[in-house]
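Architecture and fold: a report
What follows is each chain in one-letter form.
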Amino acid sequence: MSHHIVEFKDVCFRYPDGTEALHNLSFRIIHGESVGIIGANGSGKSTLLLHMNGYLMPTGGTVNIGDLHLTRKTRREIRKKVGIVFQNPDDQLFMPTVYDDVAFGPQNLGMDEEDVQKRVRAALDLVNCYDLINKPPHHLSNGQKSAVAIAAVMAMEPDILAMDEPAANLDPKSRRLLINLLKTFEHSKIIASHDLDLIFDVCKRCIIIREGTVAADGPSQDILTNKILLEENNLELPLSLQRR
Amino acid sequence: MAFDAQYYNVGYLDRLSYQDTFVHRLDPRTKLITTLLFLFTVISFSKYEVAALFPFLLFPAIFLTVGEIPLGFILKKVLLVSPFAIFIGIFNPLLDHGQVAILPGLTLPAGWLSFASILLKFFLTVSMALLLIATTSFPTICHALRRLGLPSIFVSQLLFLYRYIFVLGEEVMRIVRARDMRSYGRKGTEIKVFVRIAGVLFLRTVERAERIYFAMLARGYEGDMPVSKKYHLTTSDLAFALSVIVCLFIFRCYPVTQIIGNFFRGIFS
């Protein structure tokens, strides 16, 4: 399928206070690709993700998701295609019970109750959290919250999955489970993270962002082993490659 | 320390409401309506009525035992708010000097009687409201309100309040701890510090609200909260509601205490 494409063409974005966050940023991600977005703090990774479903609109250049050109009119359609998982699961899980939260998206799509229940079940099964269905989010551990947040996005059945620091706050075991889970998804995946080992494990391609523009774009195998390039961007070799 | 304790206290009440007993399983709408009926019936008694109120203690007692709620916890909470009721009624004995005949040959000062009546009504209503919360999880109460026709915007406000009171509580707890750790024995509770903490908290909350709103948009939110139809009235709900209503009616319209008293007097004489 050729229509699950994410294309940024010369995207510029300036925050209202004058900070220029993105500057002539261009890349193209094709269907089924998994791409890691890395870069120093404040390099524009999160701003980039917020453009993926039209929360922020580029002040210059164009964003295309599939065959849709991002405008205020197409935002709604685009939000169905792109699921974004945020860094802090407490922001993501806003409904009072796990069921309500996972059902929120499908219910907004206007599905009837039976289909909603099926979706919720399937999404929670996917992340092995079906037992938590009636719990309120504040009774969950951080790992469980992250998993449920992913389920809530997966219940929308998005074509493209974008994640901001998915493994932050997770203990090593939960992190490993998350990595294994991510590997099973066949969606196009875009993961912004400082966890370079996670990117190395999950993503075949890697884009380095520096001062709002693409500093390097290529196979993870090449980029994440290039010590000089990484150190120029406040990064370092993935821990798994540091043992000599 | 005080803040921590209060925070965990609310958390305890919340955990109680997720137990699984007969009372917890009842449809939230039934519980809500019967509790409201109970409150109105109790309030509807005249201000010198004491004896007729005693049978109503049966309801909290049943909720408490069937719902497996610890009695001490509820009593402590009732005690905590009792000053309000006490201050409302405390001057009645001084101001109201009349005499009321309860039984032939037995009169009591009207002031004390109305004071007792206020306290009893207070105890009944507050304990019942607490028990409703302790046996019904907050989201289900909200769903019940929604299904009973409360506008969606109010219900969403309540739902968000419930969801984020705990997140906010933990945020406050972290800030208060950080303050205590660096106050070095001083109290650190000066008004200046407090104002700053409140300011920081406000800004953090605004930022969080923005992120939450974005998360909602990302999942197709268009200004209307979806309503789920998970709950169904069962026969046990109807039976429960019906028996409560019948009991309330009997307790309200017949002097049950007197009848029971007469019955026992009849046996022993």
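Computed from a predicted model, the values in this text were never measured in an experiment.

Side note on the overall build of chain A
When you go through chain A residue by residue, the secondary structure sums to eleven helices and ten strands. The C-alpha atoms of chain A give 18 Å as radius of gyration, which agrees with the globular expectation for 244 residues (18 Å, within 12%). C-alpha extents for chain A along the principal axes are approximately 50 × 50 × 40 Å. Counting the 244 residues in chain A, one finds 46% classified as buried. Sequence separation of 24 or more characterises 66% of the internal contacts of chain A that already satisfy a separation of 6 or more.

Focus on the overall build of chain B
Counting its secondary structure elements, chain B contains twelve helices and two strands. Reading the secondary structure of chain B in the N-to-C direction produces α-α-α-α-α-α-β-β-α-α-α-α-α-α. Against the compact-globule benchmark of 18 Å for 269 residues, chain B has a radius of gyration of 24 Å, which places it well outside the compact range. Overall size of chain B, expressed as C-alpha extent along the three principal axes, is 75 × 55 × 30 Å. Burial statistics for chain B: of 269 residues in total, 23% are counted as buried. For chain B, contacts bridging at least 24 residues in sequence account for 75% of all contacts bridging at least 6.

As for the nonpolar core
Judged by nonpolar contacts, the single largest core of 78 residues is most densely connected at Val102(A), Val148(A), Ala151(A) and Ile199(A). The element contributing the most residues to this core is helix H6 (residues 142-154) of chain A, with eight residues. Residue-level mapping places this core at the junction of two domains, with at least three residues from each of domain 1 (18-144) and domain 2 (151-218) of chain B. Setting aside residues no more than four positions away along its own chain, Ile199(A) makes contact with Gly36(A), Ile38(A), Ile191(A), Ser193(A), Cys206(A), Ser220(A) and Leu224(A). Judged by nonpolar contacts, the second largest core, of 23 residues, contains Val42(B), Val126(B), Leu130(B) and Phe251(B).

Here's the deal with the domain arrangement of chain B
Here chain B is described as being made up of domain 1 (18-144) and domain 2 (151-218). Each of domain 1 of chain B and domain 2 of chain B has a C-alpha centre, and these two points are 34 Å apart.

Topic: the sheet that holds strand S1 (residues 6-14) of chain A
All names here are of chain A. Strand order in the open sheet formed by four strands is S2-S1-S4-S5, with antiparallel pairing between adjacent strands. Unpaired on one side and paired on the other, strand S2 (20-29) and strand S5 (68-69) mark the two borders of the sheet. In this sheet, S2 lies alongside S1 in antiparallel orientation, the contact comprising six bridges. Within S2, the residue paired with Glu-7 across the bridge is Arg-28.

A look at the packing of helix H4 (residues 98-108) of chain A against helix H5 (residues 113-126) of chain A
Residue and element names in this part refer to chain A. Look at H4 against H5: their axes get within 9 Å of each other, and the N-to-C directions meet at 120°. When the interaxial angle is binned, H4 and H5 end up oblique. Remark: the crossing between H4 and H5 carries right-handed chirality. Judged by residue contacts, Tyr-99, Val-102, Ala-103, Pro-106 and Gln-107 of H4 engage Val-116, Arg-119, Val-120, Ala-123 and Leu-124 from H5. Looking at side-chain class alone, the contact of H4 with H5 contains eight nonpolar, one polar and one charged residues.

Some details on the environment of Gly111(B)
Residues and elements named next belong to chain B. Relative to the assigned elements, Gly-111 resides in helix H7 (residues 110-135). With 20 C-beta atoms packed within 10 Å, Gly-111 lands in the buried category. Separated by 22 residues in sequence, Gly-111 and Gly-89 place their C-alpha atoms 8.8 Å apart. With near-sequence residues (within four places) excluded, Gly-111 lies in contact with Asn-92, Pro-93, Leu-94, Leu-95, Asp-96 and His-97.

Some words on the packing of helix H3 (residues 28-43) of chain B against H7(B)
Residue and element names in this part refer to chain B. Taken N-terminus to C-terminus, the directions of H3 and H7 make an angle of 175°; their axes are 10 Å apart at the nearest point. The angle between H3 and H7 places the two elements in the roughly antiparallel class. Two secondary-structure elements touch here, H3 through Lys-31, Thr-35, Phe-38, Leu-39, Val-42 and Ile-43 and H7 through Lys-121, Leu-124, Thr-125, Met-128 and Leu-132. Split into classes, the residues belonging to the contact of H3 with H7 amount to seven nonpolar, two polar and two charged.

Describing the interface of chain B and chain A
Chain B puts 23 residues into the contact, and the matching count from chain A is 25 residues. Among the secondary structure elements, those contributing two or more residues to the side of chain B that touches chain A are helix H8 (138-147), helix H9 (152-181) and helix H10 (191-218) of chain B. In terms of residue count, the dominant contributor to the side of chain B that touches chain A is H10(B) (eight residues). Looking at side-chain class alone, the side of chain B that touches chain A contains 15 nonpolar, two polar and six charged residues.

Considering the environment of His143(B)
With respect to the element layout, His143(B) can be found in helix H8. C-alpha of His143(B) to C-alpha of Pro28(B): the two residues are 115 residues apart in sequence and 8.0 Å apart in space.

Things to note about the confidence of the model for chain B
Residues and elements named next belong to chain B. With 94% of its residues at a pLDDT of at least 70, chain B reaches an overall mean of 83. No element of chain B has a lower mean pLDDT than strand S1 (residues 99-103), which averages 71, and none a higher one than H3, which averages 90. Scoring the predicted complex yields pTM 0.75 and, for the interface, ipTM 0.77.

Focus: the sheet that holds strand S7 (residues 160-164) of chain A
Residue and element names in this part refer to chain A. The mixed open sheet is built from six strands, whose spatial order is S6-S7-S8-S3-S9-S10. Each end of this open sheet is capped by a strand with a single partner; those strands are strand S6 (82-85) and strand S10 (213-219). Neighbour to neighbour, the strand axes of the sheet diverge by 15° on average, direction disregarded. Summarising the sheet, strand S3 (residues 34-39) and strand S8 (residues 188-192) pair through four bridges and their orientation is parallel. Along S8, the bridge assignment pairs Ser-34 with Lys-189.

Examining H4(A)
Counting along an α-helix, one turn takes 3.6 residues, and residues three or four places apart therefore face a common direction. Buried residues dominate H4(A), accounting for ten of its eleven residues. For H4(A), the full list of buried residues reads Val98(A), Tyr99(A), Asp100(A), Asp101(A), Val102(A), Ala103(A), Phe104(A), Gly105(A), Pro106(A) and Gln107(A). In the core, the buried residues of H4(A) are packed alongside H5 and H6 of chain A together with H8 of chain B. Following H4(A) by one or two positions, Gly110(A) adopts a phi angle in the positive range, close to 80°.

Analysis parameters
- Residues numbered from 1 in each chain as written.
- Chains lettered and ligands numbered in written order.
- Predicted model: local features only at pLDDT ≥ 70, side-chain atom pairs only at ≥ 80, totals over all residues.
- Helix = DSSP H or I, 4+ residues; strand = E, 2+ residues; numbered from the N terminus.
- Rg over C-alpha atoms; globule rule 2.2 N^0.38 Å.
- Buried ≥ 20, exposed ≤ 12 C-beta atoms within 10 Å, placed from the backbone.
- Contact = placed C-beta atoms within 7 Å.
- Core = buried A, V, L, I, M, F, W, Y, C linked by C-beta atoms within 7 Å.
- Domains from an automatic or database assignment.
- Pairing = 2+ DSSP bridges.
- Axes fitted to C-alpha atoms, helices over the stretch in contact; angles between N-to-C directions.
- Parallel < 35°, antiparallel > 145°, perpendicular 65-115°, else oblique.
- Left-handed = near helix turned anticlockwise from the far one by under 90°.
- Nonpolar A, V, L, I, M, F, W, Y, C, P; charged D, E, K, R; others polar.
- pLDDT = per-residue confidence, 0-100.

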